[in-house]
Structure formats: C-alpha cells, structure tokens
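Letter by letter, the chains look like this.
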Amino acid sequence: MQKIIYASFAMSLLLVGCNSEAEKPTKEVKPSAETPVDIAPEIPTALPDREPTMDVVLSVEGEDSTITMDLVEGSNAVYSLYIDPAYYTFENGEKEDKLSPIVAIPTDYPEVNMTFLYVEDQTPESVKEDMKQEYSMPLEEKTISTPVNALSLHGTAGKEPDSEVVTIFMMEVDGGTLLIKENYFLEAQEGHGARFEQMLETLEVRK
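Residues numbered from 1 in each chain as written. Predicted model: local features only at pLDDT ≥ 70, side-chain atom pairs only at ≥ 80, totals over all residues. Heavy atoms only, no water.

### Some remarks on the sheet that holds strand 11 (residues 204–205)
Pairing within the open sheet is antiparallel, and its four strands lie in the order 1-2-3-11. Edge strands, defined here as strands with exactly one partner in the open sheet, are strand 1 (53–60) and strand 11. Summarising the sheet, strand 2 (residues 63–73) and strand 3 (residues 79–83) pair through four bridges and their orientation is antiparallel. Bridge pairing in strand 3 links Leu71 to Tyr82. Along the sheet face, helix 3 (residues 189–200) touches strand 1, strand 2 and strand 3 and points at about 140° away from the line of strand 1. (Pairing = 2+ DSSP bridges. Helix = DSSP H or I, 4+ residues; strand = E, 2+ residues; numbered from the N terminus. Contact = heavy atoms within 4.5 Å. Axes fitted to C-alpha atoms, helices over the stretch in contact; angles between N-to-C directions.)

Pasting the structure below:
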C-alpha cells in the first residue's frame, strides 16, 4: 500500500514538473522598429545650365550675320539670356538689371536700354496696371508668345524719328513677375529694337 502511495506521489511531482516547463512564458519578442522612409529633399528652383557662349544668326535691318553671344545671368538667378557683347553691356543693379548700348546715344534722344526687374508677390496683371499709370502714352495690350511668353504693353509717343518707344513684358516667374522694358526711339526700331527682340528669344527663367 505504501509503495502505491509513494508511486502516486512521485507521479504527481513528475506531472507538476512537466506542466511547469510547458507553462513557462515565452520570451516577449518586441516588434522591430519601422524602417524610416527616406523623404526626398525639396529640389530648389534654379536656372537651367547653359553654355557660356552661343552662336546666333542675327537679322538686323534686312541683313543676317552670325555672331557669338555671351551668357549673362540676372540678379538672384531669376533669369539668363545671351547678349551681343559687340554692341551692349549688361550690369546687375540693386534695383534692376540693365542692358545698355556701348556707343552712347545723343543726349537729345530718348534713352536706349533694356531693363529687368523681378517684382515679388505680384501677378503680371497687377504689374500691368502699375505700368499703365507710369506712362502717359497710349499702350497696346497683348498676350504674346514671341519673343517670350508674356503679357505685353507697347506704345509710341509720336511719329517723329526721335519719338520715344517702349515695349513692356510681364512674365510670371516663381510666384512673382519678371518685368522687362525695352526703351528706344522710333528711328532705332529696326536697329536696337530688332536686336532687343532677338536677344530676348534666348531668355530662360527660373523653374
């Protein structure tokens, strides 16, 4: 009888030991940290890369000639274009950039130049209204694609050879407006006026 009791007791201990092993909690496995997702940095707006010089066929007063133009870049890298260094100089200014003839214009004639100004946080439409207030001459308004895609204003102060001529281009660029003004006189329309237009055809703006 005692042997049976001892055997039963031993069997109970054995079963308890087995259950203890089976009921041991498994080691907690922590979930692996999520793999961070790489966020591509925002690509800053910039001017396209361009060659420092470019050969261009220039048509002025009915004659074609191939010239080597130099690349110039506007203030704050808003725009770039090629200019004819044989006839013009280009200067970056604190207020505006200016393209001017190398040969001085007689003082009794209207000024000849092409200016560039970036107007922040204004649309071409709002800049247009400011330009209409600035000039007393009638200005013809157009939306054009040549020499640039822009809203334009054009006016002539008279019909005399020395009458002032102005052509204004307003281009939407990077949340603002690039304001370009061509200034010359009527007699220079086939010379400086034509050269300004052909140089503007090479204009690139910040993307």
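### Quick word on the sheet that holds strand 4 (residues 88–91)
Reading across from one edge, 4-5-6-10-9-8-7 is the order of the seven strands in this open sheet, with antiparallel pairing throughout. Edge positions in the open sheet fall to strand 4 and strand 7 (140–144), since each of these has one partner strand only. Each neighbouring strand pair of the sheet contributes to a mean axis angle of 15°, computed without reference to strand direction. Bridge analysis of strand 4 against strand 5 (residues 97–101) gives four bridges, and the strand direction is antiparallel. In the sheet register, Tyr88 faces strand 5, and the bridge partner there is Pro101. Taken strand by strand, helix 3 contacts strand 4, strand 5, strand 6 (113–119), strand 9 (164–173) and strand 10 (176–185), and its axis lies near 160° from that of strand 10.

### Examining a negative patch on the surface
On the surface, Glu61, Glu63, Asp64 and Glu190 cluster together into a patch of negative charge. Tracing the backbone shows Glu63 in strand 2. (Patch = residues over 30% accessible without salt bridge, like charges linked within 9 Å, V, L, I, M, F, W, Y side chains within 5 Å. Areas by Shrake-Rupley, 256 points an atom, 1.4 Å probe, with all protein chains shown as cover. Salt bridge = Lys/Arg side-chain N within 4 Å of Asp/Glu carboxyl O. Lys, Arg positive; Asp, Glu negative; His and termini not counted. Charge placed at Lys NZ, Arg CZ, Asp CG, Glu CD.)

### Quick notes on the confidence of the model for the chain
Residues with a pLDDT of 70 or more make up 78% of the chain, whose mean pLDDT is 84. Confidence over residues 1–24 falls short of pLDDT 50; this stretch has zero contacts with residues more than four positions distant or in other chains. Confidence drops under pLDDT 50 across residues 40–44; counting only partners more than four residues distant or on other chains, this segment forms zero contacts. (pLDDT = per-residue confidence, 0-100.)

### Brief notes about the environment of Arg206
Topologically, Arg206 is positioned in the segment after strand 11. Take Arg206: its relative accessible area is 16%, and that puts it in the buried class. Within the structure, the side chain of Arg206 is placed 2.8 Å from the backbone oxygen of Asn76, a separation counted as a polar contact. A polar contact is formed between the side chain of Arg206 and the side chain of Asp174, at a distance of 3.0 Å. (Buried < 20%, exposed > 50% of the residue type's maximum accessible area, 1.4 Å probe, protein only. Polar contact = N/O pair within 3.5 Å; in protein donor to acceptor, adjacent residues only side chain to side chain.)

### Quick look at helix 3
With nine of 12 residues buried, helix 3 lies mostly within the body of the structure. The complete set of buried residues in helix 3 reads Gly191, His192, Gly193, Ala194, Arg195, Phe196, Gln198, Met199 and Leu200.

### A look at the nonpolar core
Within the largest apolar cluster, 34 residues are counted, with the highest numbers of intra-cluster contacts made by Tyr79, Leu81, Met171, Leu178, Ile180 and Leu203. Taken together, the elements giving at least two residues each to this core come down to strand 1, strand 2, strand 3, strand 4, strand 6, strand 9, strand 10 and helix 3. The contacts of Ile180, once residues within four sequence positions are left out, are Met114, Thr115, Phe116, Thr167, Ile168, Phe169, Met171, Leu200 and Leu203. Judged by nonpolar contacts, the second largest core, of 12 residues, contains Val127, Leu151, Leu153 and Met170. (Core = buried A, V, L, I, M, F, W, Y, C linked by side-chain atoms within 4.5 Å.)

### Re the pairing of strand 4
Because side chains alternate across strand 4, one face comprises the buried residues Tyr88 and Phe90, and the other comprises Thr89 and Glu91, none of which is buried. Taken together, strand 4 and the strand that follows it, strand 5, pair antiparallel across an intervening segment of five residues.

### As for the packing of aromatic side chains
Applying the stated criterion across every chain, the model contains six aromatic pairs. On the numbers, 6.2 Å between centres and 65° between planes, the contact of Phe90 with Phe116 is edge-to-face. A residue pair is termed long-range when its members are at least 10 positions apart, and Phe90 in strand 4 and Phe116 in strand 6 qualify at 26 residues. Residues Phe90 and Phe116 agree in their burial class; the two are buried. Put simply, the rings of Tyr87, Tyr88, Tyr184 and Phe196 pair up and form one aromatic cluster. The cationic tip of Arg195 hangs over the ring face of Tyr87; the distance from NZ or CZ to the ring centre is 3.8 Å. (Phe/Tyr/Trp six-rings, centres within 6.5 Å; stacked < 30°, edge-to-face > 60°. Lys NZ or Arg CZ within 6 Å of the ring centre and 35° of its normal.)

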